[in-house]
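Descriptive analysis of the structure
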Amino acid sequence: MVVERRYLVIAAGLHLLLFALLFVSAFFHRKIETPPVIEAVLVGETYEQAQEREREEQRKRQEEERQQRLEQERLEQQKLEEQR
């Protein structure tokens, strides 16, 4: 396969032109701007807060059950006293 000199010159010239365009385009590109910082506030409760809330609700339920049992026992005592 015979390669003619003019094809080599044309290919080298095109490569040089492309590299020159690439080099010159580096001067005309826009600067990359960093995006603004996103600030956020968590509005939900944390895992620990949720656990504490659950424990508090459980304590309240237990206290209410205890109060109901005491009230029931008091009413039963009153009935027994009335029967005597």
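As a starting point, this report considers the structure included with it.

Conventions used here
Residues numbered from 1 in each chain as written. Predicted model: local features only at pLDDT ≥ 70, side-chain atom pairs only at ≥ 80, totals over all residues. Heavy atoms only, no water. Helix = DSSP H or I, 4+ residues; strand = E, 2+ residues; numbered from the N terminus. Buried < 20%, exposed > 50% of the residue type's maximum accessible area, 1.4 Å probe, protein only. Lys, Arg positive; Asp, Glu negative; His and termini not counted. Charge placed at Lys NZ, Arg CZ, Asp CG, Glu CD. Phe/Tyr/Trp six-rings, centres within 6.5 Å; stacked < 30°, edge-to-face > 60°. Salt bridge = Lys/Arg side-chain N within 4 Å of Asp/Glu carboxyl O. Patch = residues over 30% accessible without salt bridge, like charges linked within 9 Å, V, L, I, M, F, W, Y side chains within 5 Å. Areas by Shrake-Rupley, 256 points an atom, 1.4 Å probe, with all protein chains shown as cover.

**Thoughts on the overall build of the protein**
Across its full length, the protein carries two helices and zero strands. Counting only C-alpha atoms, the protein reaches 130 × 35 × 15 Å along its principal axes. Split into buried and exposed, the 84 residues of the protein put 0% on the buried side. Between the mean site of the 14 positive side-chain charges and the mean site of the 17 negative ones, the protein shows a separation of 11 Å.

**Overview of the packing of aromatic side chains**
Within this structure, the stated rule accounts for one aromatic pair. Seen in terms of ring centroids, Phe23 and Phe27 are 5.4 Å apart; in terms of plane orientation they differ by 90 degrees. Their pairing is edge-to-face.

**Here's the deal with the pattern of salt bridges**
Taken as a whole and assessed by the stated rule, the structure comprises eight salt bridges. Between Glu4 and Arg6 there is a salt bridge, with the nearest N and O atoms lying 3.2 Å from each other. Taking the shortest distance from any N to any O, the salt bridge between Glu63 and Arg66 comes out at 2.8 Å. Note that Glu63 and Arg66 are positioned in helix H2 (residues 47-83) at a spacing of three residues, about one turn of the helix. The class of Glu63 is partly exposed, set by a relative accessible area of 35%. Judged by its relative accessible area of 36%, Arg66 falls in the partly exposed class. When salt bridges with common partners are traced through the structure, they connect Glu52, Arg55, Glu56 and Arg59 into a single cluster.

**Here's the deal with the environment of Thr34**
Secondary-structure assignment places Thr34 in the loop between helix H1 (5-25) and H2. C-alpha separation for the pair Thr34 and Ala11, spaced 23 residues apart in sequence, amounts to 40 Å.

**Quick look at a nonpolar patch on the surface**
A cluster of nonpolar side chains, Tyr7, Ile10, Leu14, Leu17, Leu18 and Leu21, forms an exposed patch at the surface whose accessible area comes to about 620 Å². Within the element layout of this structure, Tyr7 appears in helix H1.

Don't take any of this as a statement about function, it's just geometry.
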